[in-house]
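# Close look at the chain arrangement
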Amino acid sequence: MKNLAASLYKLSTKLHNLFSPRFYFTFLIILSVFIFSSKETFAQVQFNLRLQTGFPLEEFAQNNESVAFGIGGMLLVPLTEDESVVSLGLDAGYMIYGMQSEDYTDNNGFDYTLNTNNNIFESFAMVRFKPRWVDSFIYPYADGLLGGRYIYTRTTEEEDGEDINSFIEQDGFSFAYGGAGGVLVSLSEEIKLDIRAVYTQGSKAKYLTKNSIYPDPLFPDEFIYDVKKTRTDMLSFQVGITFFLD
């Protein structure tokens, strides 16, 4: 049993080696074309907007103590025109973690500020299983997720209150998969409160964290980048509104 658990834990890394980011984004585009070209024949398309927070786990948490906050959404299409148990869709979210702002003085005596934002953009193909509960106030569901996350750090240089330069310091892609569970609480026939918890295992990726960028003590005009490379497992809690569109 222990060996089986270890094999499952390493599955995302093995899949990442098989499927490149190019394959991943091509797959999402093909799935998007299928959903949008077919939705006219389906009933009750679901559209969701939400707030979300993300907590790093395992190796990701050991190197990154910052909690991520952001927004997200999803589009779901049932497989049949009736109250289908199974729906297919796309899920995407954007979060910021470990923001940092530091003041520096260069060798010429000019003061400047470096504002650093660490960002996570994630997107998944998803399948949802929701039982047929007629005239219910609460509708539970379970999701399967397959996708990835793009982790990048953007730094903006500011002088006298004006941004003079902006650039990406570090970026990396992590293949990810996992599951989610939640409930839809009925506010009306077309509008539901959506409460959801998501667990995803992510393969290894390079990234920066808060305080990962600091001046070189020997060369004050240059910086040292403490780049991490670990798995990117995360636990996310989400609250939003889901609209049922006929």
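For the structure itself, look to the data block above.
Quick look at the structure, then. This one's a predicted model, so the numbers in the text were calculated from it and none came from an experiment. (Residues numbered from 1 in each chain as written. Predicted model: local features only at pLDDT ≥ 70, side-chain atom pairs only at ≥ 80, totals over all residues. Heavy atoms only, no water.)

### Quick notes on the overall build of the protein
Operational definition: For helices the rule is a DSSP run of H or I covering at least 4 residues; for strands it is a run of E covering at least 2, with both sets numbered from the N terminus onward. A 1.4 Å probe rolled over the protein chains alone gives each residue an accessible area, and that area as a share of the maximum for its type sets the label: buried under 20%, exposed over 50%, partly exposed in between. Whether two residues are in contact is decided by their heavy atoms: any pair within 4.5 Å suffices. Working definition of accessibility: Shrake-Rupley area with a 1.4 Å probe, residue cover restricted to the visible protein chains.
Of the regular secondary structure elements, the protein holds 4 helices and 12 strands. The proportion of buried residues among the 246 residues of the protein is 43%. In the protein, the proportion of contacts linking residues at least 24 apart, taken out of those at least 6 apart, comes to 69%. Looking at the protein as shown, the accessible area adds up to about 13400 Å², and 61% of this sits on carbon and sulfur atoms.

### Overview of the environment of Leu90
Considering the arrangement of structural elements, one finds Leu90 in strand S3 (residues 86-105). The exposure class assigned to Leu90 is buried, which follows from its relative accessible area of 19%. It is 9.8 Å that separates the C-alpha atoms of Leu90 and Leu146, two residues lying 56 residues apart in sequence.

### Quick notes on unusual backbone geometry
Note: most residues except glycine have negative phi, and most peptide bonds are trans. For Glu58, which is not glycine, the phi torsion reads 50° and is therefore positive. Given the relative accessible area of 49%, Glu58 is considered partly exposed. At Asn211, a position not held by glycine, the phi torsion is positive, near 70°. Locating Asn211 in the fold gives a position in the loop between strand S8 (205-207) and strand S9 (213-215).

### Section: the pattern of salt bridges
Oppositely charged side chains are able to pair whenever their charged atoms sit close together. Applicable threshold: Any carboxyl oxygen of Asp or Glu within 4 Å of a side-chain nitrogen of Lys or Arg constitutes a salt bridge here.
Summed over all chains, the structure comprises 7 salt bridges. Asp91 is the partner of Arg50 in a salt bridge, and the nearest nitrogen-oxygen pair spans 3.0 Å. Highlighted residues: Arg50 in strand S1 (residues 45-56) and Asp91 in strand S3, separated in sequence by 41 residues. Here the two residues Arg50 and Asp91 agree in accessibility, since each one is buried. Here Lys228 and Asp226 are joined by a salt bridge, their closest N and O atoms 2.8 Å apart. What you see here is one network of salt bridges that share partners, running through Arg50, Asp91, Arg128, Asp143 and Arg196.

### Topic: the packing of aromatic side chains
Filter applied, for reference: Stacked, tilted and edge-to-face are the three classes applied to pairs of Phe, Tyr and Trp rings, where Trp contributes its six-membered ring and a pair requires centres within 6.5 Å; stacked means planes under 30 degrees apart, edge-to-face means over 60, and tilted covers the rest. Lysine and arginine charges are scored as sitting over a ring when NZ or CZ, respectively, is within 6 Å of the ring centre and within 35 degrees of the ring normal.
Taken as a whole, this structure holds 3 aromatic pairs when the rule is applied. Ring geometry for Phe55 against Phe237: centres 6.0 Å apart, planes inclined by 75°, an arrangement best described as edge-to-face. Within this pair, whereas Phe55 is found in strand S1, its partner Phe237 is found in strand S12 (residues 234-245), the two being separated by 182 residues in sequence. Assessed through its relative accessible area of 33%, Phe55 is described here as partly exposed. For Arg128, the ring lying beneath its charged end belongs to Tyr141, and the centroid distance is 3.6 Å. In this structure, Lys192 packs its charged tip against the face of Phe244, placed 5.8 Å from the ring centre.

### Overview of a nonpolar patch on the surface
Applicable threshold: Without a salt bridge and with relative accessible area above 30%, a residue can belong to a patch; like charges are then joined within 9 Å and nonpolar side chains (Val, Leu, Ile, Met, Phe, Trp, Tyr) within 5 Å.
Together, Phe47, Leu49 and Leu245 make up a nonpolar patch on the protein surface, roughly 270 Å² of accessible area in all. Here Leu245 lies in strand S12. The exposure class assigned to Leu245 is partly exposed, which follows from its relative accessible area of 45%.

### Digging into the side chain of Gln201
Put simply, the test is: Polar contact criterion, stated in full: a pair of N or O atoms within 3.5 Å, where within protein one must be able to donate a hydrogen and the other to accept it, and residues adjacent in sequence count only if both atoms are side-chain atoms.
Here Gln201 lies in strand S7 (residues 191-202). Overall, the relative accessible area of 10% leaves Gln201 in the buried class. At 3.1 Å, the side chain of Gln201 forms a polar contact with the side chain of Tyr199.

### Quick look at the environment of Val127
Counting through the fold element by element, Val127 comes out in strand S4 (residues 111-129). The sequence separation of Val127 and Ala142 amounts to 15 residues, and the corresponding C-alpha distance is 8.5 Å. Beyond its immediate stretch of four places on either side in the chain, Val127 contacts Val86, Ser87, Leu88, Ala142, Asp143 and Gly144.

### Quick look at the environment of Tyr199
With respect to the element layout, Tyr199 can be found in strand S7. Among the residues examined, Tyr199 registers a relative accessible area of 34% and is labelled partly exposed. C-alpha separation for the pair Tyr199 and Phe237, spaced 38 residues apart in sequence, amounts to 9.1 Å. If near-sequence neighbours (up to four positions away) are discounted, Tyr199 is found in contact with Leu57, Tyr177, Gly178, Gly179, Asp233, Met234 and Leu235.

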